[in-house]
Structures are given as C-alpha cells and as structure tokens.
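Now for the letters of each chain:
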Amino acid sequence: MVYENIRNLREEHDKKQQELADFLHVKQTTYSKYELGKINIPIEVFIALADYYDVTVDYLLGREPKKK
C-alpha cells in the first residue's frame, strides 16, 4: 500500500524526507520505504506523524477524506 497522504502532507509542508526521518529517529531510506509502502509503518510512527501534521491516523491511512 502506498501512503499518498503521508507524502502529500510532507510536500505541502515543504519538508524533505530527511527532516521527517530525523523527527522519527529512522534513516531516510526507511522513511522513503514507508511512503512507498515497501515496509510496514509501525503504529507509533503513524501516531507521531498524525500529531506532527495535526491530522487523524485514519487520514494518513487514506480511510478518511478530510483532515481534522
């Protein structure tokens, strides 16, 4: 599963993958794999990203069409 909303939010906020990787304490390549759906995203990462962007986890997952 590709997580388009995660990538779109990053781009909307003019952030680089490295900035989010640093925030999440992971390597940039790991973060890239999260966005591409190549590896599963731990729930803790979903929660951290939802808090960071002030959106719901459902929005990040593509289950909810609107942000908070």
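Note that the coordinates shown come from a computational prediction; the quantities given were computed from them, not determined experimentally. Residue positions are given per chain, counted from 1 along the sequence in the order it is written. The model is predicted, so local features are restricted to residues of pLDDT at least 70 and side-chain atom pairs to those at 80 or more, both for listing and for counting; the totals for chains, interfaces and linings are taken over all residues. As a rule here, side-chain values come from all non-hydrogen atoms in the structure, and water together with hydrogens is ignored.

**Re the overall build of the protein chain**
And step 1. Secondary structure elements follow DSSP: runs of H or I of four or more residues count as helices, runs of E of two or more count as strands, with numbering from the N terminus. Helices and strands together make up the secondary structure of the protein chain, namely 5 helices and 0 strands.
And step 2. For a compact globule of 68 residues, the expected C-alpha radius of gyration is about 11 Å, and the protein chain comes in at 11 Å, within 12% of that figure.
And step 3. Seen through its principal axes, the protein chain has C-alpha atoms that stretch 30 × 25 × 20 Å.
And step 4. For every residue, the accessible area obtained with a 1.4 Å probe (protein chains only) is divided by the maximum for its type, and the residue is called buried under 20%, exposed over 50%, and partly exposed between those limits. By residue count, 32% of the 68 residues in the protein chain fall in the buried class.
And step 5. Two residues qualify as a contact provided that any one of their heavy atoms is within 4.5 Å of a heavy atom in the partner residue. Residue pairs at least 24 apart in sequence account for 51% of intrachain contacts in the protein chain once pairs closer than 6 positions are excluded.
And step 6. A total accessible area of about 4,500 Å² is found for the protein chain, and carbon and sulfur atoms account for 49% of it.
And step 7. Note on charges: Lys and Arg go in the positive column, Asp and Glu in the negative column, and His and the chain ends are not counted at all. To locate a charge, take NZ of a lysine, CZ of an arginine, CG of an aspartate or CD of a glutamate. Side-chain charges in the protein chain split into 11 positive and 12 negative, and the spacing between the mean points of these groups amounts to 4 Å. The size measure is the radius of gyration over C-alpha atoms, and the globule rule it meets is 2.2 Å times the number of residues to the 0.38 power. Here the accessible surface of atoms and residues is derived via Shrake-Rupley with a 1.4 Å probe, and residues count as covered only by protein chains that are part of the display.

**Observations regarding the pattern of salt bridges**
And step 1. Here a salt bridge means any side-chain nitrogen of Lys or Arg lying within 4 Å of a carboxyl oxygen belonging to Asp or Glu. Counted by the stated rule, this structure contains 4 salt bridges.
And step 2. With a closest N to O distance of 2.6 Å, R10 and E35 form a salt bridge. One end of the pair, R10, is in helix α1 (residues 4-12); the other, E35, is in helix α3 (residues 28-36), and 25 residues separate them in sequence.
And step 3. Taking relative accessible area as the criterion, E35 reaches 4% and is therefore assigned buried.
And step 4. For R63, the salt bridge goes to D58, with nearest N and O atoms at 3.4 Å.
And step 5. On the basis of relative accessible area, R63 is assigned to the exposed category, the value being 65%.
And step 6. A relative accessible area of 32% places D58 in the partly exposed class.

**Quick notes on the confidence of the model for the protein chain**
Atomic detail in the predicted coordinates should be set aside for any region of low pLDDT.
And step 1. Known as pLDDT, the predictor's per-residue confidence is scaled from 0 to 100. Per-residue confidence for the protein chain gives a mean pLDDT of 92; residues scoring 70 or more make up 94%.
And step 2. No element of the protein chain has a lower mean pLDDT than helix α5 (residues 57-61), at 91, and none a higher one than helix α2 (residues 17-24), at 98.

**Topic: the packing of aromatic side chains**
And step 1. A pair of Phe, Tyr and Trp rings is counted when the ring centres sit within 6.5 Å of each other, with Trp represented by its six-membered ring. The angle between the planes then sorts it: under 30 degrees is stacked, over 60 is edge-to-face, the rest tilted. Taken as a whole, this structure holds 4 aromatic pairs when the rule is applied.
And step 2. An angle of 75° between the planes, with centres 6.4 Å apart, marks the rings of Y31 and Y34 as edge-to-face. Of the two residues, Y31 and Y34 are both situated in helix α3; the distance of 3 residues between them amounts to about one turn of the helix. Y34 shares its class with Y31; the two are buried.
And step 3. Among the aromatic residues, those joined into a ring-pair cluster are F23, Y52 and Y53.

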